[in-house]
Amino acid sequence: MTTNDHASDTIEALFKEQRRFEPPAAFAARANAKAGIYEEAERDYLAFWSSWADKLEWSAPYRDVLEWKEPFAKWFVGGELNASVNALDRHVKAGRGSRIAFYFEGEPGDRREITYAALLADVCRFANGLRERGVKKGDRVAIYMPMIPELPVAMLACARVGAAHSVIFGGFSSDAIVDRVNDAECSTIITADQGWRRGKKVPLKDTVDVALAQTPGVERVIVAKRVGDAVEMKAGRDAWWDDVIAGQPETCEPEAMDSEDLLFLLYTSGTTAKPKGIMHTTAGYLTGVTATHDLVFDLKEDDIFWCTADIGWVTGHSYIVYGPLCNGAVSVLYEGTPDYPDKDRLWDIVERYKVTILYTAPTAIRTFMKWGVEYVQKHDLSSLRLLGSVGEPINPEAWMWYHEHIGGGRCPIVDTWWQTETGAIAIAPLPGITTTKPGSATKPFPGILADIVDEAGKSVPLGGGGYIVLRRPWPSMLRGIYGAPERYVETYWSKFEHMYLAGDGCNRDVEGDYWFMGRIDDVMNVSGHRISTTEVESALVDHPAVAEAAVVGKTDDTTGQAICCFVSLRGSNPGSPELGDELRKHVGDKLGKFTTPKYLTFTQELPKTRSGKIMRRLLRDIAEGRMLGDTTTLADSSVVAELQERAKAEAGKED
Ligand code: WTA
């Protein structure tokens, strides 16, 4: 069943969408992607991808483009390269060392311009420090940091010495750190004293300290100083960043990595409570992000690129760090929130740095709409020439608002569909070629073979909807789930033969354009963050007062979906608003504040089938305030009427 049972309503609504936007002629005339690129890639998709791999710098050439033993891929077999060399050294060697890599803007207003040469020197010093402390090729290193320049430096330094990084989003709680660090057997954690968020200090090191009580494999912790308050430092284990780099030379021999050596792990939510460590390797990933960043964003020498995502998610990995740096782009890196000190912070940044390409998320766009256009109008956004969207389906209203108020009616919008698993953008317009439609991610990227299939795995003709699948391997595809090869096969490659199952529902119109409809599994998408219903349920049941919990996603105007919990308590406890708040906080503490449920309804009983399965479909209907579907399999039908009443009261309270 889908989290979006009424997706068919959405499809109909979307299909009434008749507006279309041709690429502006001037834009098309100088676009990176030329007409014919799709046909060319289709004629020989391996040649297409290898033409992009050939733009990378290799220390040993590859023999074969692809070795495919379904579902295990090896790309650019036999080649050797280093990701940090491709991101940095290459540009410095080409005489572009004084080019800005990042305009860093801290939330409190501090600013730093970091050139490619300076970034390379920082990476080398830190990489030397890591090596000296025993971090070596094949290790896994956890990184839990705010959005400060030391974060990409840490990632690239890991890559330089051949250690895989596992970045853990700075909003996660200590429990989430424990799971991820232990699963990946990380021996090192890199963090900061604190970070800034909406003017408040986020206690990163303290959170790591709590986690460390349960991560026996961690031998060392490196702490960057961001805020400056005192934090506990355990002698022999904890070291300050500044001490790690002290006296280190600004050069560092890069490790020659095999194309298929692990570059990073990134954990993402699945249908069980245990997050999946998605594995990305070196050459294919770099090829994918380089090609997509160049063609989808039509990157030019004088562009100022800004992706507003957090580096803790895949969007930041691919389009703040690896894609832009491999392409020698000039980017903005912003630490904070869009409403600090006021709700025009983003527009202030766009104006000041003359940002030309802005890449953000629908949930943010809907929030800006709510705040009102006056915040936008205070600033000159005429530098913008291209806009991007990622993270969830963008509704046509938000698309149009983005187009008119941020893009001034002149900027093409690229709605980019992809996943942690795909590593790089998979379905999106090429802005100089593709006619866009508000709400559609349009067409598969050249070389990507996508399809829509029905329950039986049969291709659905144009004009119909179903499961989005990818029918051939692509370079930046995940190579597996860390430590769980069976789960990799089971999750992505078992529902349909010879097809990668992305887990999204999607419609394809008669012109072949793709319209995404949300997840089909038990994963919620809240503000573009993938959160597993099971994970929230486990967090609730972990509270001593809770007997049982069921969690579903409820459509939300701003965040796409909101977390909606149904909770039955132990004993005869009827629940209270205070307990409700306590449980919400409990979830936030367990998993990270951004997972704090919006709705929480107490119930004596959860609706169950006679065999005892919780009827989530029914709970989704209740959460959405819909007419109930089939209730004949329900064990006790009186449960439902009462739940409907309570859920309605709860929704009324929250709105
Ligand atoms: C959703 C983020 C519709 C989708 C890059 C996918 C989208 C999940 C879009 C992956 C889009 C992302 N239109 N849906 N443009 N972009 N999604 O792994 O459900 O954090 O499966 O990667 O986000 O989320 P993830």
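Fair warning: this is a prediction, and the values are worked out from it, not measured in the lab. (Residues numbered from 1 in each chain as written. Predicted model: local features only at pLDDT ≥ 70, side-chain atom pairs only at ≥ 80, totals over all residues. Heavy atoms only, no water.)

1. Observations concerning the site of the ligand
With respect to spatial proximity, 17 residues lie near the ligand, and among them Asp415, Thr416, Thr420, Asp504 and Arg530 are the closest. Between Asp415 and the ligand, the recorded distance is 2.7 Å, taken from a side-chain N or O atom to a nitrogen atom. Contact distances for the ligand include 2.8 Å between an oxygen atom and a side-chain N or O atom of Asp504. Coverage of the ligand by the protein amounts to 97% of the 530 Å² it exposes when considered alone. (Near = heavy atom within 4 Å. Polar contact = N/O pair within 3.5 Å; in protein donor to acceptor, adjacent residues only side chain to side chain. Areas by Shrake-Rupley, 256 points an atom, 1.4 Å probe, with all protein chains shown as cover.)

2. What to know about the sheet that holds strand 11 (residues 220–224)
To summarise the sheet geometry, strands pair through backbone hydrogen bonds and adopt either a parallel or an antiparallel arrangement. Read from one edge of the open sheet, eight strands run 12-11-8-6-7-14-15-23, paired in mixed fashion. Only two strands of the sheet have a single partner each, and these edge strands are strand 12 (238–240) and strand 23 (480–481). As paired elements, strand 11 and strand 12 share three bridges and run parallel to each other. By the bridge assignment, Val221 is partnered in strand 12 with Asp238. Contacts from helix 9 (residues 204–212) reach strand 6 (140–144), strand 8 (188–192), strand 11 and strand 12 within the one sheet, and its direction differs from that of strand 8 by about 155°. (Pairing = 2+ DSSP bridges. Helix = DSSP H or I, 4+ residues; strand = E, 2+ residues; numbered from the N terminus. Contact = heavy atoms within 4.5 Å. Axes fitted to C-alpha atoms, helices over the stretch in contact; angles between N-to-C directions.)

3. A closer look at the side chain of Thr315
Structurally, Thr315 is set in helix 12 (residues 314–326). Apart from the residues lying within four places of it in its own chain, the contact partners of Thr315 are Cys307, Ala309, Ile320, Tyr359, Val390 and Trp418.

4. As for the nonpolar core
Generally speaking, nonpolar side chains in soluble globular proteins are found buried as a group. Of all hydrophobic cores here, the largest spans 144 residues; its most connected members are Trp49, Phe126, Ile143, Ile190, Trp241, Tyr322 and Ile468. Among the elements that take part in this core, helix 7 (residues 150–161) stands out by supplying nine residues, more than any other. Here Ile468 is in contact with Trp417, Ile427, Ala450, Asp451, Ile452, Tyr500, Leu501, Ala502, Asp504, Cys506, Tyr514 and Phe516, once residues within four sequence places are set aside. Tyr103, Trp371, Trp399 and Trp401 belong to the second largest nonpolar core, which has 32 residues in total. (Core = buried A, V, L, I, M, F, W, Y, C linked by side-chain atoms within 4.5 Å. Buried < 20%, exposed > 50% of the residue type's maximum accessible area, 1.4 Å probe, protein only.)

5. A closer look at the pattern of salt bridges
A complete count under the given rule lists 51 salt bridges for this structure. We note a salt bridge from Arg472 to Glu42, for which the minimum N-O separation is 2.8 Å. One end of the pair, Arg472, is in the loop between strand 22 (465–470) and strand 23; the other, Glu42, is in helix 3 (residues 37–43), and 430 residues separate them in sequence. Residues Arg160 and Asp89 are paired through a salt bridge, measuring 2.8 Å at the closest nitrogen-oxygen approach. A residue pair is termed long-range when its members are at least 10 positions apart, and Arg160 in helix 7 and Asp89 in helix 5 (residues 83–96) qualify at 71 residues. For Asp89, a relative accessible area of 13% translates into the label buried. Linked by salt bridges that have partners in common, Arg20, Lys437, Lys443, Asp509, Glu511 and Asp513 make up one network. (Salt bridge = Lys/Arg side-chain N within 4 Å of Asp/Glu carboxyl O.)

6. Focus on the domain arrangement of the protein
What the domain assignment lists for the protein is domain 1 (25–80 + 265–518), domain 2 (83–255) and domain 3 (543–654). Once you take the C-alpha centre of each, domain 1 and domain 3 turn out to be 34 Å apart. Counting from both sides, the interface comprises six residues of domain 1 and, opposite them, five residues of domain 3. With both sides pooled, the region where domain 1 packs onto domain 3 buries about 390 Å², and carbon together with sulfur makes up 45% of that total. Summed over the shared surface of domain 1 and domain 3, the number is zero salt bridges. Here domain 1 is connected to domain 3 by four residue pairs in polar contact (both at pLDDT 80 or more). (Domains from an automatic or database assignment. Buried area = accessible area lost by both parts, 1.4 Å probe.)

7. Considering the pairing of strand 29 (residues 560–569)
For strand 29, the buried fraction is high: 10 of the 10 residues fall into the buried class. With 10 bridges connecting them, strand 28 (residues 546–556) and strand 29 associate as antiparallel partners. What sits directly across from Ala550, in strand 29, is Phe566. Taking the residues between adjacent antiparallel strands as the criterion, strand 28 and strand 29 are bridged by three residues. Relative to strand 30 (residues 599–602), strand 29 runs parallel, the two sharing four bridges. When the sheet's bridge partners are listed, Phe566 is paired in strand 30 with Thr601.

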